[in-house]
Amino acid sequence: MNRVGADVGGTFTDLVYWNAEQKRIEVHKLPSSPSNPAEALLAGLREICEMHDVEVSDIDQLLHGTTVGTNIVLEKNGSEVGFITTEGYRDVLYIGRHRRPFTFSIQQDLPWREPSLASRANRRVVPEKIDAPSGDVLVPLDEEKVRQTVRELKADGVDAITVGFLFAFLNSDHEKRAAEIVREEFPEAYLSVSHEVVPLHREYERFSTACLNAYIGPKTGRYLDNLREALATDAPELDIGLMTSSGGVVSVPDASAKPVSLLMSGPVAGIIGGVWIGRQTGHPNVITLDVGGTSADIGVAPGGELRMRRLYDTAIGGYDVMLPMVDMDAIGAGGGSIARVDSGGLLQVGPSSAGAIPGPASYGKGGVEATATDAQVVLGRLRPQGLLDGRMSIDVEAAEKAFDDHIVGRVGDRDRDDAAMAALKILTHNMVRAIELNSVRKGFDPRDFSLVAFGGAGPLWAAEIARELSIPSVVVPGQPGVTSALGLLAADLKYEYSRTVMVDVPSANPADLQAVFAELEEQARESLAQAGVDESEMILQRHADCRYVGQAYELLVPAPSGEFDDAAIAQLEESFHDAHEREYFWRFGSEKPVQIVHLRVYGIGLMPDLELNQIEAGGETPPDDAVIERAPVAFEVGGVTERLDTAFYDGSKLLAGNVVTGPAIIDHQTATTVLPPDLRAEVDQYGNVIIDCTEAQNV
Amino acid sequence: MSDGSTAPARPKSRAEAAHGGHGTVDPVTLAVIGGAFVAAGHEMGHAIKRLAFSPGAQQVEDIGGGLFTVAGEEICESDTSPMHIGSIPAYIQGFMRRLEGDVNEGDVIIHNNPYEGASHAPDLLVAVPIFWEGEQVAWSAATTHLTDVGGVFPGIAIDVFDVFAEAKIYDSLKLYDRGVRNEMLWRFFLDNTRTPTYVEGDTEAMIATCRLGERRMHELLEKYGKDTVMPAIGEWLDYSERMMRAEIEKIPDGSWEAEGYLDDDGRNRDKPLKVKAKVTIEGSNVTCDLTGSEENSLTGFNCPFGGSTVPGFYTIVRSIFLDQAVFADQGIPQNHGLFRPVTVIAPVGTIFNPAFPRSAGPRACLVCTAGDTAMKALAQVVPDKISAGTSTLSVAVYAGFDEEKQEYWSHYDIIEGSYGGRQGKDGLDAVDTLVINSRNVPIEELDMLFPIRTERYELRPDPPAAGQWRGGVASVRESRFLVDTVMTSEAEGTYEAPWGIFGGSDGTPLRVTKFGADGDVEELPSKVTNHPMEAGSTIRWEQASGGGFGDPLERDPEAVLTDLRDEFITLEIASEQYGVVIDPQAMTVDVDATAKLRADRRG
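Overview of the structure.

Reading the values: rules and limits
- Residues numbered from 1 in each chain as written.
- Chains lettered and ligands numbered in written order.
- Predicted model: local features only at pLDDT ≥ 70, side-chain atom pairs only at ≥ 80, totals over all residues.
- Heavy atoms only, no water.
- Helix = DSSP H or I, 4+ residues; strand = E, 2+ residues; numbered from the N terminus.
- Rg over C-alpha atoms; globule rule 2.2 N^0.38 Å.
- Buried < 20%, exposed > 50% of the residue type's maximum accessible area, 1.4 Å probe, protein only.
- Areas by Shrake-Rupley, 256 points an atom, 1.4 Å probe, with all protein chains shown as cover.
- Pairing = 2+ DSSP bridges.
- Axes fitted to C-alpha atoms, helices over the stretch in contact; angles between N-to-C directions.
- Contact = heavy atoms within 4.5 Å.
- Patch = residues over 30% accessible without salt bridge, like charges linked within 9 Å, V, L, I, M, F, W, Y side chains within 5 Å.
- Salt bridge = Lys/Arg side-chain N within 4 Å of Asp/Glu carboxyl O.
- Lys, Arg positive; Asp, Glu negative; His and termini not counted.
- Charge placed at Lys NZ, Arg CZ, Asp CG, Glu CD.
- Phe/Tyr/Trp six-rings, centres within 6.5 Å; stacked < 30°, edge-to-face > 60°.
- Expected span 1.5 Å × (residues − 1).
- Core = buried A, V, L, I, M, F, W, Y, C linked by side-chain atoms within 4.5 Å.
- Buried area = accessible area lost by both parts, 1.4 Å probe.
- Polar contact = N/O pair within 3.5 Å; in protein donor to acceptor, adjacent residues only side chain to side chain.
- Nonpolar A, V, L, I, M, F, W, Y, C, P; charged D, E, K, R; others polar.

## Observations concerning the overall build of chain A
Here is step 1: The secondary structure content of chain A amounts to 16 helices and 32 strands.
Here is step 2: Computed over its C-alpha atoms, the radius of gyration of chain A comes to 26 Å, within 12% of the 27 Å expected for a compact globule of 699 residues.
Here is step 3: With respect to the principal axes defined by its C-alpha atoms, chain A has extents near 80 × 60 × 60 Å.
Here is step 4: Counting the 699 residues in chain A, one finds 62% classified as buried.
Here is step 5: Total accessible area on chain A is roughly 24,600 Å²; 47% of this is exposed by carbon and sulfur atoms.

The structure is reproduced here in structure tokens:
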């Protein structure tokens, strides 16, 4: 079986080819084509096939992580959406939860209204109402009004329509009927129906999710159609899968129907790649750190399991999205993060970033401010000719000038090295805090984890971060730049189905819950079968969102499989008590009854196991030609910034079993690993660099 | 506490903090420890709402939490409704008058006396002293607006005789003494509320949250040592203070005054209450003087001074001078340093500093109106930092007795106001305003939990206040009661519409209408007490819309067209108020006709 993973990022498109029978992996990296991302993807696919004598038509499966939808949201250039909703509630989508993002501000704008996903002119109401909590029809649907409204919206030039009615999670008949009318009257419109996109309660969040789906729907759909058409001649049999925000893979038709589920596609692929690398290297508990130019993505996976974010904490570009997403944190800390001394005398690094343009001062693209990358340059950790095999040069003097102009002399009596070191420490601490928030603060001890660091800048910071958090080891993948593309191949197919049940445990009827689970499992099984997954490769996982009766926020806990009986409920209840205590350090105990709010089923289709190519073995001492040069590099030793004689290694020339001792710098073409003094790193059989952070603690 | 002015307690000299060096803690370590405090404060807010049992705490987020110095200065706070946290220093001073010298490890203190620091009696404080090496080093504290605290009426009380009728008072009481819960007090506490399930759950949620704050403080002390953490706290506060003073200093010295009016005291209907605000800037200090405002009401319509009037101005002053959106690049931490430059004056015996034993419960509208009036005064000197007249929230408590549970059901809706226009920006439509920042309860949650059917929630159909930057449009909300219900409400603005400025029009007043089960239609005053809402009746809240900013003839004609498309205004309003001629067929601006009409209008 031939599979290709393709991660399309803002700067680079990365591809990984994997042949299961030959256990062969090949990688390829080329610049992205932002105006039409499919171009670079297709070119890359052809190139990687050509380079390794494979026909494009021989590829069985293309796994794809895309930021097309995310970019539409961030650039705010989505569709004109018509929103048909219940009479009396025209502006629920606009009012939102009526909370200002900034408590202390008169001059702020409200991000979810800039612009609203459907303008007021395009928000139309029709008479209908479902009663709560019974779910009975209170006001019948005015079908004629729906028909007339669709015609008006069509005439007004909308290209997508959302149908979202109040209490559709209790009874979706009205939404279904209105959707039929939309299809009759305006079949070419992109249609998003709230209970289909997310069948859960909370009207604003559901409407927002459904409207965001419509907002990105037409363009994302066109992108996917183009991709499929372009490949239809070369590879008519090719099966295309897309990564979702929850870490699963779905087919093109499913992705086109629910593009809002793809929004975190890219970063999630990175986390899965990091988890997979961890498992390969014998580190099941991993924290992943993916650092690029503007942000750092952090994931925590105990036992290699992805954790899901709480459903009401999920927003993208200011718009609420009530869909399952891998629990990851993105903070404004990257190579381009700008260091500034503010008027209160405090040194701050990020969240503002110089981005790609003007970029760090040392990149010579017009940047003048001191960025984190410039700090690394000042300290001597990035060689002037070091990036991308010398394709990108580094202007050391510009970096030094940026620090002299903006930082030196404003943070106590620090000299330039000290100032750069201080900037690095602050950025490191920002990342440390973000990792802490996602690990320690959720009851996971970093001492039980390994840090897998990738992305262009992850390995620059990883060792310092690990030491700060007492994480015993750091894993830098042999090819840190393509970890997300690897993650696409490492992911299994995954479908998710859920239903609101809202039942208190004392009065829950296990048979009813069993029936819901069975129905959801049937849906999942059907989808998997349609995607060509063999029954023996299917895994069905049950989960439930639970809370104490009277609470408003749920925690996702695994539910037992098999016949769902009283014992299963008792087990679920106990799991919830435990989860609550781990999350909040508080257990209300048995006198407070537990409520089951939603049931969920994940249908997983297992994909063939991936295996990395092994590299040539060597002794402890790296080969002589692996050392590129030696130069003085600044490190902090015993609280003092000092220049130490440091070896620079070419990562591609290191052999399995080689040991590198700090201070050292390892160049991986697309990334650089910094190995501080007193630390020791070993190269494993796959070329991964494993840094042992337990030996020295003299921070 | 009610001496009529705040002289904020502070250990360091003002000059040193404002102009001095950057202290002894390494700036990098300071940033790290400070960041940990900010994270701890936010985490505490999350914990309360996620653990809590009442929709008020969970959804509305009428909660607060944070860490405080032993002297009661705020170190960090949750990102929740601001009236809660700025008030905690006053609570701490309040209970310490009785507990000085008697604070021990394992104590859990509760307090809600509005004359001794409480924001108002429904906002119960839970405080836990944090000890390290046998010595108290800080406080971890949380507050929550409890659904019911056993006053004469469910929820809140307007038309009541005194503070004793308003609520049960829990003053400086130890719910836990050295780790042991006082079961008698706990029972007494829960027996004196109409909603014991909510109150029990919410109070436990606050205790858990205080424990969490304590845990975070201990972690910092463990890692960096007391000798670093304690001075870091002082410097962290000084840092915020420097930032605030630097901005205030940019404003020329002077005094500016404005007046406003409140509808009535909830009993005497035709007697509006005067609000007077004088804002004085002197160097890097700002004084908000409410002298001249109405004498205190003989109802509950008064504002506790230390716990509400003062922190209300902390919020307003920061929002104007250190606006988070304007300073978005610099995460200036919210802590006591920001409070130090602010002095608030209100003579005892006035609505903003009532004399004991007056009741002082429903104060949100009072604080918002004081803030709005202060903005009106400051419009004269910093027109780019304020908004035109901004309306307040409405709070409506709905309650009845649940025979099955043998407990009251009680819910309070917070219905948002809207902002006035701003220099360069329209006013924000329907959103929580000024010193309130809550969340609404999802209708799909509310209607499932209570015998209420929410029948309408959208922007009100009346046109916005005209202006170069138009006023925000507020919402209309209708609730039908499925069982016999009583309603108590706190709202503002039925007489006085939010003010327009610099040529902008005034906004639209509040209107409250009851539709009886028998078809009777009745306009209600903004504040009613235990008003019967029979099964089948409906209440409609048409919230006040904000004032306009600047001359409407200067408004971008395309923005006028958008307002027409969005059905905020009509063709007639476009031409009459804005001098914009729109072709109704093509829906485009007739540029020439507009120029001519505007020229004619200007004369």
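Read on for the rest.
## Overview of the sheet that holds strand β26 (residues 627–637) of chain A
Residues and elements named next belong to chain A.
Here is step 1: As summarised here, the arrangement of the four strands in space is β26-β27-β29-β30, forming an open sheet in which the pairing is mixed. If you trace the sheet from one side to the other, it starts and ends with β26 and β30 (672–675), each paired once. If you compare each strand with its neighbour and ignore which way they point, the axes differ by 25° on average.
Here is step 2: Relative to strand β29 (residues 664–667), strand β27 (residues 640–650) is paired through four bridges, and the arrangement is parallel. Note on β29: the bridge partner recorded for Tyr-649 is Ile-666.
Here is step 3: This element, helix α12 (residues 416–438), spans β26 and β27 of the sheet and lies at about 80° to β26.

## Examining unusual backbone geometry
Residues and elements named next belong to chain A.
Here is step 1: Residue Pro-133 is reached from Ala-132 by a cis peptide bond, and omega for that bond is 0°.
Here is step 2: Cis geometry is adopted by the peptide bond preceding Pro-663, which originates at Gly-662 and carries an omega value of 0°.
Here is step 3: Along the chain, Pro-663 falls in the loop between β28 (659–661) and β29.
Here is step 4: The phi angle at Ser-470 is positive, at roughly 60°, despite the residue not being glycine.
Here is step 5: Relative to the helices and strands, Ser-470 is located in the loop between α13 (458–468) and β21 (473–476).

## So, a negative patch on the surface
Residues and elements named next belong to chain A.
Here is step 1: A contiguous patch of negative charge, built from Glu-21, Asp-53, Glu-55, Asp-58, Asp-60 and Asp-239, is present on the exposed surface.
Here is step 2: Tracing the chain through its elements places Asp-53 in the loop between α1 (37–51) and β4 (61–65).
Here is step 3: Residue Asp-53 is classed as exposed on the basis of its relative accessible area of 74%.

## Thoughts on the packing of aromatic side chains
The geometry of an aromatic ring pair is captured by the separation of the ring centres together with the interplanar angle, meaning the angle of the planes.
Residue and element names in this part refer to chain B.
Here is step 1: The full count for this structure, using the stated rule, is 20 aromatic pairs over all chains.
Here is step 2: Relative to Phe-188, the ring of Tyr-170 has its centre 6.5 Å away and its plane inclined at 75°; by these criteria the two rings are edge-to-face. Taken together, the residues Tyr-170 in the loop between α5 (163–166) and β6 (173–177) and Phe-188 in helix α6 (residues 183–191) connect sequence positions 18 residues apart.
Here is step 3: Judged by its relative accessible area of 2%, Tyr-170 is buried.

## Regarding helix α7 (residues 196–224) of chain B
Here is step 1: Between its terminal C-alpha atoms α7(B) stretches 42 Å, which fits the 42 Å expected from 29 residues at 1.5 Å a residue.
Here is step 2: Of the residues trailing α7(B), B:Gly225 is marked for its positive phi of about 85°.

## Describing the pairing of β4(A)
Side chains on a regular strand alternate between the two faces of the sheet.
Residue and element names in this part refer to chain A.
Here is step 1: Counting buried positions along β4 yields five of five residues, so the element is predominantly enclosed.
Here is step 2: Where strand β1 (residues 2–8) meets β4, five bridges bridge the pair, whose relative direction is parallel. Its bridge partner being in β4, Asp-7 is matched across the sheet by Gly-65.

## Brief notes about the environment of A:Gln530
Here is step 1: Structurally, the position occupied by A:Gln530 is in helix α15 (residues 510–530).
Here is step 2: Separated by 279 residues in sequence, A:Gln530 and A:Ser251 have C-alpha atoms that sit 9.4 Å apart.

## Some thoughts on the sheet that holds β1(A)
Residue and element names in this part refer to chain A.
Here is step 1: If you walk across this open sheet you meet the six strands as β3-β2-β1-β4-β11-β12, and the pairing is mixed. Of all strands in the sheet, those bounded by a partner on one side alone are β3 (24–31) and β12 (249–251). Going across the sheet, the axis of each strand differs from the next one's by a mean of 25°, ignoring polarity.
Here is step 2: Here seven bridges tie β1 to strand β2 (residues 12–19), and the two strands are oriented antiparallel to one another. Bridge pairing in β2 places Ala-6 opposite Leu-15.
Here is step 3: Contacts between helix α14 (residues 483–490) and the sheet are confined to β1, β2, β3, β4 and β11 (239–243), with β1 contributing the most and set at about 135° to the helix.

## So, the side chain of A:Gln514
All names here are of chain A.
Here is step 1: Assignment of secondary structure puts Gln-514 in helix α15.
Here is step 2: Judged by its relative accessible area of 17%, Gln-514 is buried.
Here is step 3: In this structure Gln-514 touches Arg-542, Gly-562, Glu-563 and Phe-564, once residues within four positions along its chain are discounted.

## A look at the nonpolar core
Here is step 1: Among the nonpolar cores identified, the biggest contains 238 residues, and B:Phe37 and B:Trp541 are the most heavily contacted of them.
Here is step 2: Ranked by residue count, the leading element in this core is helix α7 (residues 203–234) of chain A, at 12 residues.
Here is step 3: Listed in part, the 76 residues of the second largest apolar core include A:Met421, A:Val432, A:Ile471 and A:Ile691.

## Regarding the interface of chain A and chain B
Here is step 1: The partner chain B presents 94 residues to the 76 residues of chain A that form the contact.
Here is step 2: Together, the buried faces of chain A and chain B total about 7,700 Å²; carbon and sulfur atoms form 53% of this surface.
Here is step 3: Looking at the side of chain A facing chain B, the largest losses of area belong to A:His98, A:Phe104 and A:Ile106, adding up to 12% of the total buried there.
Here is step 4: For the pair chain A and chain B, the interface holds 10 salt bridges.
Here is step 5: Counting every contact that joins chain A to chain B gives 48 residue pairs in polar contact (both at pLDDT 80 or more).
Here is step 6: Sorting the residues of the side of chain A that touches chain B by element identifies α3 (92–95), α7, β19 (347–353), α12, β23 (538–548) and α16 (566–584) of chain A as the ones contributing at least two each.
Here is step 7: Among the elements that make up the side of chain A that touches chain B, the one with the highest residue count is α12(A) (seven residues).
Here is step 8: Looking at the side of chain A that touches chain B residue by residue, the class counts come to 33 nonpolar, 18 polar and 25 charged.

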